[in-house]
Amino acid sequence: MFRDLFDTYNWDEARESIYAKKAADVETALHKAKRSIEDFKALISPAALAYLEPMCRLSRRLTQQRFGKTMQLYIPLYLSNECQNICTYCGFSYDNKIKRKTLTAIELLQEAQYLQAQGFQHVLLVTGEANMTVGVDYLQNAIRLLRPHFAQLSMEVQPLEQEEYATLVGEGLHTVLVYQETYHREEYKKHHPKGKKSNFYYRLDTPDRLGRAGIHKIGLGVLIGLEDWRTDSFFTALHIGYLEKKYWQSRYSISFPRLRPAAGIPDPKVMMSDRELVQLICAWRIFNEEIELSVSTRENAGFRDHIISLGATSISAGSRTNPGGYVTDVESLEQFAIDDHRSPQEIAAMIERSGYKAVWKDWEAFK
Ligand code: SF4
């Protein structure tokens, strides 16, 4: 399990070694053919900010070499805002007195029809953690209902057991995203004081359970703003490196969610500038040429227009972060505010104008 490796590391030592990297370390990392985790530390260090232009050039070249000039499009579909966890940064938190809603089968199909009409073939199903209402049976039924209508179904929901994942993979689930939020144990505890999510190690073990269940793709990431993003990114890289070796049949993706405003949510502890986010995305690409890098509508339009040619491989478009947000209950409370409000068609046109191909359907399993 990754936890065995994780427990041999110390947060403060990892942080210090990243911040101690010098210009010479960055130059070495940029000029190597194959890069180590020490090189990744150099690329995410403050010293590397002075090398942003060569990093962008290299990241663009490596991305085009591996993925061509393509950009995959996906859209989240919120199934429910019920949640029994308290997460200090989330609008769906149990202690947030909002109207709760879970889509019925009919509402789910109405939302799906709308997404299909927009052209989407890749849908990300999202819920809070409410096992009584949105447990495995609900998710299994949702996948059964949606599978005939879409080429690819992904899921960002509560962590499940290995057998439960295996059941959903059998139904046609393609990808699971599970973000550790932060690898800093004490900070994690502060932000997750109640509910199943307060168990740091159960969450940390989740990608292992996914790998054993034979999932096609696993997405990792941290919530940027909770803790030092450089140290959290180092631990994410350590995690991915471990998973790639152990569960080599699965593919991997990384997302970069920056904490966004939501009802009753305090400001981020740590701010990350746009330049730093570009640095992080380029560092990932230079370190790992195979990994998929995803940028959501949390980011503003100007940022997203630039990032598509610098290393990202998939972006969401036209997202709503509330259950029923597309058709059936457009006024329900959103999980967080999005920043890019353009329609899917406007995003696709922007991608094409940039000389890239907007990919709505990348892959389809035999149904
Ligand atoms: S982040 Fe997820 S688990 Fe936490 S309160 Fe929000 S929906 Fe629930």
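You'll find the structure just up there.
Residues numbered from 1 in each chain as written. Predicted model: local features only at pLDDT ≥ 70, side-chain atom pairs only at ≥ 80, totals over all residues. Heavy atoms only, no water.

(A) Up close: the overall build of the protein. When its secondary structure is counted, the protein shows 15 helices and 9 strands. For a compact globule of 367 residues, the expected C-alpha radius of gyration is about 21 Å, and the protein comes in at 20 Å, within 12% of that figure. C-alpha atoms of the protein, sized along the principal axes, occupy 60 × 45 × 40 Å. The burial tally for the protein puts 59% of its 367 residues in the buried class. Once local pairs closer than 6 in sequence are excluded, the contacts in the protein between residues at least 24 apart make up 76%. (Helix = DSSP H or I, 4+ residues; strand = E, 2+ residues; numbered from the N terminus. Rg over C-alpha atoms; globule rule 2.2 N^0.38 Å. Buried < 20%, exposed > 50% of the residue type's maximum accessible area, 1.4 Å probe, protein only. Contact = heavy atoms within 4.5 Å.)

(B) Representation of the packing of helix H5 (residues 52–67) against helix H13 (residues 274–287) within the structure. As a packed pair, H5 and H13 sit with axes 9 Å apart at the nearest point and diverge in direction by 45°. With respect to H13, the axis of H5 lies oblique. As H5 packs across H13, the resulting crossing turns out to be left-handed. On H13, the residues that touch Leu52, Met55, Cys56, Leu58, Ser59, Leu62, Thr63 and Phe67 of H5 are Arg275, Val278, Gln279, Cys282, Ala283, Arg285 and Ile286. Along the lines of polarity and charge, the residues of the contact of H5 with H13 split into 10 nonpolar, 3 polar and 2 charged. (Axes fitted to C-alpha atoms, helices over the stretch in contact; angles between N-to-C directions. Parallel < 35°, antiparallel > 145°, perpendicular 65-115°, else oblique. Left-handed = near helix turned anticlockwise from the far one by under 90°. Nonpolar A, V, L, I, M, F, W, Y, C, P; charged D, E, K, R; others polar.)

(C) Examining the nonpolar core more closely. One finds Leu77, Trp284 and Ile351 to be the most contacted residues of the largest nonpolar core, which totals 99 residues. With 9 residues, H13 is the largest single contributor of residues to this core. Not counting the four nearest positions on each side in its chain, Trp284 is found in contact with Phe40, Ser233, Thr236, Ala237, Ile240, Ile254, Phe256, Ile291 and Leu293. Counting residues in hydrophobic clusters, the runner-up holds 17 residues, among them Tyr74, Leu226, Ile265 and Ile338. (Core = buried A, V, L, I, M, F, W, Y, C linked by side-chain atoms within 4.5 Å.)

(D) Spatial organisation of the side chain of Glu227. With respect to the helices and strands, Glu227 occurs in the loop between strand E5 (217–220) and helix H12 (229–246). Side chain to side chain, Glu227 and Lys269 meet in a polar contact 2.7 Å long. (Polar contact = N/O pair within 3.5 Å; in protein donor to acceptor, adjacent residues only side chain to side chain.)

(E) Up close: the site of the ligand. Taken together, Cys83, Asn85, Cys87, Tyr89, Cys90, Phe92, Ser93, Gly128, Lys197 and Gln335 make up all the residues around the ligand. Each residue belonging to the shell around the ligand can be placed in one class, and the counts come to 5 nonpolar, 4 polar and 1 charged. (Near = heavy atom within 4 Å.)

(F) Region of interest: the pairing of strand E4 (residues 173–177). With 5 of its 5 residues buried, E4 lies for the most part within the structure. In this view, the connection linking strand E3 (residues 152–156) to its parallel neighbour E4 by way of helix H8 (residues 162–171) has right-handed handedness. As judged from the 3 bridges shared by E4 and E5, these two strands associate in the parallel manner. In the strand pairing of E5, Thr175 is matched with Lys217. (Right-handed = clockwise from strand over helix to strand, strands pointing away. Pairing = 2+ DSSP bridges.)

(G) Broad picture of H8. Those residues of H8 that sit buried are Tyr165, Leu168 and Glu171. Along the axis of H8, the buried residues cluster in a sector spanning 115°; they form a single face. In H8, those exposed residues whose orientation departs by more than 90 degrees from the buried face are Glu163 and Gly170. Packing partners of the buried residues in H8 comprise helix H7 (136–146), E3, E4 and helix H11 (206–212). Immediately downstream of H8, the backbone of Gly172 shows phi near 115°, a positive value. (Arc of directions from axis to C-beta.)

(H) Geometry of the environment of Pro76. In this fold, Pro76 is placed in strand E1 (residues 70–78). Take Pro76: its relative accessible area is 9%, and that puts it in the buried class. Dropping the residues within four chain positions of it, Pro76 is found in contact with Leu124, Val126, Ser316, Ser319, Arg320 and Tyr326.

(I) Geometry of unusual backbone geometry. Positive phi, normally seen in glycine, also occurs at Glu181, with a value near 70°. By the secondary structure assignment, Glu181 is in the loop between E4 and helix H9 (185–191).

(J) Molecular detail of the pattern of salt bridges. Using the criterion set out here, one finds 23 salt bridges in the structure. With a shortest N-O distance of 2.8 Å, Lys32 and Asp39 are connected by a salt bridge. A salt bridge links Arg203 to Glu181, with the shortest nitrogen-to-oxygen separation between them at 3.7 Å. Taken together, the residues Arg203 in helix H10 (residues 200–204) and Glu181 in the loop between E4 and H9 connect sequence positions 22 residues apart. (Salt bridge = Lys/Arg side-chain N within 4 Å of Asp/Glu carboxyl O.)

(K) Here's a closer look at helix H6 (residues 105–117). An ideal rise of 1.5 Å per residue puts 18 Å on 13 residues; H6 measures up with 18 Å between its terminal C-alpha atoms. Listed in full, the buried residues belonging to H6 are Glu107, Leu108, Glu111, Ala112 and Leu115. Buried residues in H6, looked at end-on, bunch into an arc of 135°, giving them a common side. Opposite its buried face, H6 presents the exposed residues Ile106, Gln113 and Ala117, each directed more than 90 degrees away. Against E1, strand E2 (122–126) and H7 lie the buried residues of H6. Once H6 ends, the next one or two residues include Gly119, with phi positive near 105°. (Expected span 1.5 Å × (residues − 1).)

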